[in-house]
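Residues per chain, in single letters:
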Amino acid sequence: MSDTEDAEEVLSRKHKKECKDLQAQIQKLKHSVPKGDKKRKKEVTEQIAKLEHDLDERQEAELQELKETSADVANVAERLEELDTKNDDSTSDNTVGAASAASGQEEKKLSKAQKRRNKKLEKDREREEEIKQQDIQNLSGARHIELQKIKEALKHQNLQIFEIKSDGNCLYNAVNHQLEKIRKVSSNEALRGQVARYMKENRDDFLPFLTKDNGDMFTEEDFEKYCQDTAHTTAWGGQLEVRALSHTLKQPIKVVQSEGAPVIVGEEFENDDQPTIIVCYLRHAFGLGEHYNSVEDYKRDEDDEFL
């Protein structure tokens with residue numbers, strides 16, 4: 001059996017186990033729905049569909065990656081064979097030596113690339129698994145309650161949550177989604193750069209509100225690094241970044257929360273005929289930290305009551 005066949009067999013067994021584990025999770029989710037609770041049933045159904053979709057998508061990506069890796073190895077072998085047949089007998093020893101060196105180098109590069117991909121896949125799988133477990137645990141917990149309150153608040157405004165991926169860019173992705181609705185074109189990189197520049201140009205408005213984990217105030221060096229991270233990494237953005245975004249875009253930003261009235265940042269821009277950007281702030285998102293979502297027009301579903 002070839003190495004490729006071994007890898008395919010291992011991946012197949014892994015996928016079968018993941019499917020079996022998912023079915024067990026689905027059964028737990030179904031049993032967690034109180035009898036007659038249509039809303040909870042609908043939420044769990046949507047959650048199950050998402051879990052199944054995510055698993056199918058990830059497994060398909062892993063299969064494709066394995067095929068590409070196998071193709072790379074096959075191409076290397078084919079090139080080496082061509083080199084071997086084209087050379088004279090007098091230089092065959094040198095050719096074999098060079099081919100072996102090329103093969104070793106190619107396989108080494110491939111191995112390093114594969115390790116990086118595997119590491120990223122494993123990290124993504126761990127995060128997905130953590131989110132799944134949190135979803136199961138939080139059906140009646142703080143996250144679920146918070147989410148229901150925000151959904152209800154948005155429904156009164158004929159809006160609903162537009163899910164944003166939790167990857168550190170959630171605030172910027174949420175704002176970008178809102179900008180797209182009014183035909184403004186931007187990107188995470190552009191927004192992050194604008195925020196970092198504005199904060200540095202107006203450091204007195206931001207520096208006093210930044211503290212380290214031990215409670216100490218930020219130094220000038222700390223602030224410079226904070227701005228650099230804001231511009232060039234996936235550092236999470238919060239209230240200070242919302243303020244900076246409002247001023248750089250010259251638009252008010254409404255932050256909808258589960259408790260209290262929405263917070264309007266950049267109220268001074270409300271009279272400039274600028275559309276208000278609306279985002280949702282979740283304190284208990286996924287159990288993995290704070291999170292921002294965007295909003296979209298409300299879509300009536302079958303569980304809605306007709307007045």
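Residues numbered from 1 in each chain as written. Predicted model: local features only at pLDDT ≥ 70, side-chain atom pairs only at ≥ 80, totals over all residues. Heavy atoms only, no water.

Student: Help me out: how do you make sense of the pattern of salt bridges in this one?
Tutor: Close approach of charged atoms allows side chains of opposite charge to pair. Going through the model one piece at a time under the given rule, you end up with 12 salt bridges. Its salt-bridge partner being Asp 54, residue Lys 50 comes within 2.9 Å of it at the nearest N-O pair. Pair noted here: Lys 50 and Asp 54 are both in helix α2 (residues 38-86), with a separation of four residues, about one helical turn. Given the relative accessible area of 53%, Lys 50 is considered exposed. Among the ionic pairs, Glu 259 bridges to Lys 149, the shortest N-O distance being 2.6 Å. With Glu 259 in the loop between β2 (253-256) and β3 (263-265) and Lys 149 in helix α4 (residues 142-155), this pair connects stretches of sequence that are 110 residues apart. In this structure Lys 149 comes out as partly exposed when scored by relative accessible area, which is 38%. (Salt bridge = Lys/Arg side-chain N within 4 Å of Asp/Glu carboxyl O. Helix = DSSP H or I, 4+ residues; strand = E, 2+ residues; numbered from the N terminus. Buried < 20%, exposed > 50% of the residue type's maximum accessible area, 1.4 Å probe, protein only.)

Student: Help me out: how do you make sense of the packing of aromatic side chains in this one?
Tutor: Enumeration over the complete set of coordinates arrives at four aromatic pairs. Ring plane angle 75° and centroid distance 5.8 Å describe the contact between Phe 218 and Tyr 226, whose orientation is recorded as edge-to-face. The partly exposed category is assigned to Tyr 226, whose relative accessible area is 21%. Ring geometry for Tyr 281 versus Tyr 292: centroids 5.4 Å apart, planes at 50°, classification tilted. On the criterion of sequence distance, the pair formed by Tyr 281 in strand β4 (residues 277-282) and Tyr 292 in strand β5 (residues 291-297) is long-range, its members being 11 residues apart. Judged by its relative accessible area of 9%, Tyr 281 is buried. Among the aromatic residues, those joined into a ring-pair cluster are Trp 236, Tyr 281 and Tyr 292. (Phe/Tyr/Trp six-rings, centres within 6.5 Å; stacked < 30°, edge-to-face > 60°.)

All we've got here are geometric facts, nothing functional implied.
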